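What the coordinates show
Residues per chain are reported as follows:
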Amino acid sequence: MNIPSSERLEKVYGESVKSAVRFGALAENFQKKYGHDEAEFFSAPGRTEIIGNHTDHNGGKVIAGSIDLDTIGAAQPNNSSVIHITSEGYDQEIVVDITKLDSVAKVSGTEALLAGMMEGAQKFGFKVGGFDAYVSTNVIAAAGVSSSASFEMLVCTIINHFFNDGAMSCADYAKIGKYSENVYWNKASGMMDQMACAVGGPVLFDFSNGNEPAYRPLSFSFETKGYRLVIVNTGKGHADLSEEYSGIPNEMKEAARVLGVELLCESDLDSLLAHVNEIPNDRAVLRAIHFFEENRRVDEMAAAIEADDIDAVLRLVNESGTSSWELLQNCYSLQNCQEQKITLTLALTELFLKGIKKGECNGIRKGVCRVHGGGFAGVIMCLVPLAEADNYVNYIAKYVGEGNVYPMNIRAVGAVRI
């Protein structure tokens, strides 16, 4: 069985040696499991949210980018109505019959997510069919870099290629993923995770136009500015956090209703301030303030990127992180407030950054850190001077474990058939 060419692998990964080994193993496992002599190969990255924390679900703005961790799949149609997916490292095969989606129990894991995507794709006017797939991922699971959205975008790319002649857009992919999470996972998520995984590269998103978000690529690289992006998996609590995740958009919408609108993007900070005393939920007010100020910061960062002002970019990342901690309040779960892996790891990282001696990093800012993604548990994002990146990795690994520290880059290519 052939694997993607070196040229195609270079385009996606910037190299073709390690990736060829990975796809070779994928092809072998696919053939062994399903007996196909041929396969098509697909990839969908995870994502990093640079700024715009928890704003997409209220029509806000975000700067995000795909990362060089991805979910890959080998797949072929099977001329039936049944989807079979085997995920490397998991014994249980995911099986969904497209003609019996009503029989799939909601909030029941990946099977429910897949069933919701098939239902969503059909509701939005696209064709679906049965296929076999073997999937492998190195995207950190349940940790804020969108392992679920990466899987969703992989599946969308598969059905787009096999059944829709490439007619589906990135926004279509995102709508399908959002529908599945909202309806089949009971999670009030927006479209940011899916869009960032689908589009690729650093991108400015505006979600104020509902299911048709506006976006434009940004020409930017932390590495060329002297910084390494490091994602740290702090350790996930055992509690189901869906209710706390959903509480953020729901409370923002609670504030919006007092302002006479459905979503906060339809109002502004001045209107909120005029109605503070009419909103009995203080946390809803704080989260609404975060929304308006975060939108402002996103616009400022887009301007700073275009002006090549890295100091302003880092300042805004820091301000955004502080707002998430103090106003959005998504750095630890109230279900177990004594477990604070996010805040502890942020505090330890701040101590490291403060310890960098002046002049050791060629005069550039020492670095910043912030909660990453949905929050409550999971990961933080750090921007560390390149000269100190290895030192930071070794330092923080003492607290979270070597396998939980991920230096990475922003990937230029989104969800794609390779």
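Scroll up for the structure.
Parameters and conventions
- Residues numbered from 1 in each chain as written.
- Predicted model: local features only at pLDDT ≥ 70, side-chain atom pairs only at ≥ 80, totals over all residues.
- Heavy atoms only, no water.
- Phe/Tyr/Trp six-rings, centres within 6.5 Å; stacked < 30°, edge-to-face > 60°.
- Helix = DSSP H or I, 4+ residues; strand = E, 2+ residues; numbered from the N terminus.
- Buried < 20%, exposed > 50% of the residue type's maximum accessible area, 1.4 Å probe, protein only.
- Lys NZ or Arg CZ within 6 Å of the ring centre and 35° of its normal.
- Axes fitted to C-alpha atoms, helices over the stretch in contact; angles between N-to-C directions.
- Parallel < 35°, antiparallel > 145°, perpendicular 65-115°, else oblique.
- Left-handed = near helix turned anticlockwise from the far one by under 90°.
- Contact = heavy atoms within 4.5 Å.
- Nonpolar A, V, L, I, M, F, W, Y, C, P; charged D, E, K, R; others polar.
- Pairing = 2+ DSSP bridges.
- Expected span 1.5 Å × (residues − 1).
- 1 Å grid on protein atoms, 1.4 Å probe; cavity = no way out; pocket = protein on both sides within 12 Å on 5 of 7 lines; lining within 4 Å.
- Points joined across faces, edges and corners; volume = space filled by probe spheres on them.
- Salt bridge = Lys/Arg side-chain N within 4 Å of Asp/Glu carboxyl O.
- Core = buried A, V, L, I, M, F, W, Y, C linked by side-chain atoms within 4.5 Å.
- Disulfide = S-S within 2.5 Å.

**As for the packing of aromatic side chains**
- Tallying each qualifying case throughout the model produces 14 aromatic pairs.
- Pairing F42 with F162 gives two aromatic rings, centres 5.7 Å apart and planes at 80°, and the pair type is edge-to-face. Of this pair, F42 sits in strand β1 (residues 40–51) while F162 sits in helix α4 (residues 147–163), and the two are 120 residues apart along the sequence. Accessibility assignment for this pair places F42 and F162 in one class, buried.
- Measuring from centroid to centroid gives 5.5 Å for Y395 and Y399, while their planes differ by 70°, and the two rings are edge-to-face. A residue pair is termed a helical-turn pair when its members lie 3 or 4 positions apart in one helix, as Y395 and Y399 do in helix α12 (residues 389–400) at four residues.
- Residue class for Y395 comes out buried when judged on its relative accessible area of 16%.
- What makes Y399 partly exposed here is its relative accessible area of 46%.
- By way of ring pairs, the aromatic residues F352, Y392, Y395 and Y399 are connected into one cluster.
- If you follow K175 out to its NZ or CZ, it ends over the ring of F124, 5.3 Å from the centre.

**A few points about the packing of helix α3 (residues 110–123) against α4**
- Interaxial distance between α3 and α4 falls to 11 Å at its minimum, and their mutual angle equals 45°. Taken together, the axes of α3 and α4 lie oblique to each other. Of the two elements, α3 crosses α4, and the hand of that crossing is right-handed. Two secondary-structure elements touch here, α3 through T110, L113, L114, M117, M118 and A121 and α4 through S148, F151, E152, V155, C156 and I159.
- The class makeup of the residues in the contact of α3 with α4 is nine nonpolar, two polar and one charged.

**Structural notes on the pairing of strand β4 (residues 94–97)**
- Where strand β3 (residues 82–87) and β4 come together, four bridges link them in antiparallel fashion. Looking across to β4, one finds that I83 is bridged to V96.
- Linking two consecutive strands that pair antiparallel, namely β3 and β4, is a turn of six residues; a positive phi of about 95° is found at G89 within it.

**Overview of the pairing of β3**
- Burial analysis of β3 places five of its six residues in the buried class, the great majority of the element.
- In this sheet, strand β5 (residues 131–137) lies alongside β3 in parallel orientation, the contact comprising four bridges. Following the sheet pairing, T86 is matched in β5 by Y134.

**Concerning the sheet that holds strand β9 (residues 368–371)**
- Pairing within the open sheet is antiparallel, and its four strands lie in the order β9-β10-β8-β11. With one partner strand each, in any of the chains shown, β9 and β11 (405–408) form the two edges of the open sheet. Neighbour to neighbour, the strand axes of the sheet diverge by 20° on average, direction disregarded.
- Here helix α11 (residues 341–355) sits on the sheet in contact with β8 (227–233), β9 and β10 (379–385), set at roughly 175° to β9.
- On top of the sheet, α12 reaches β8, β10 and β11; it is set at about 10° to β8, its chief contact.

**Thoughts on α4**
- The terminal C-alpha atoms of α4 lie 24 Å apart, and with 17 residues this matches the ideal 24 Å at 1.5 Å per residue to within 8%.
- The buried fraction of α4 amounts to 14 of the 17 residues, a majority that puts the element mostly inside the structure.
- Positive backbone phi, approximately 55°, marks D165, located one or two places after α4.

**Some remarks on the layout of surface pockets**
- The space that makes up the second largest pocket amounts to roughly 390 Å³.
- Along the wall of the second largest pocket there are 15 residues; nearest its centre are V12, Y13, G14, E15 and D68.
- In terms of residue class, the lining of the second largest pocket is built from four nonpolar, four polar and seven charged.

**Here we look at the pattern of salt bridges**
- Scanning the model with the defined rule gives 17 salt bridges in all.
- A salt bridge links K61 to D299; the nearest nitrogen and oxygen atoms lie 3.0 Å apart. Here K61 is found in strand β2 (residues 61–77), whereas its partner D299 is found in helix α9 (residues 282–306), with 238 residues between them in sequence.
- Residue classification places K61 among the partly exposed residues on the basis of a relative accessible area of 22%.
- According to the relative accessible area criterion, D299 is partly exposed, its value standing at 36%.
- One salt bridge connects R216 with E306, and the closest N-O pair in it is separated by 2.9 Å. Residue R216 is found in strand β7 (residues 214–217), and its partner E306 is found in helix α9; the two are separated by 90 residues along the sequence.

**A look at the nonpolar core**
- Residues I85, L114, M118, F131, M153, V155 and I159 are the most contacted members of the largest nonpolar core, which totals 39 residues.
- With ten residues, α4 is the largest single contributor of residues to this core.
- When neighbours within four sequence positions are excluded, I159 is seen to be in contact with M118, A121, V128, F131, N164 and M168.

**Concerning the state of the cysteines**
- Tallied over the full model, the rule gives zero disulfides.
- C156 carries a free sulfur, and the closest cysteine sulfur to it, the one in C170, is 10 Å from it.
- C156 sits in the buried class, given a relative accessible area of 0%.

From the geometry alone we can't say anything about function, so treat these as descriptive.
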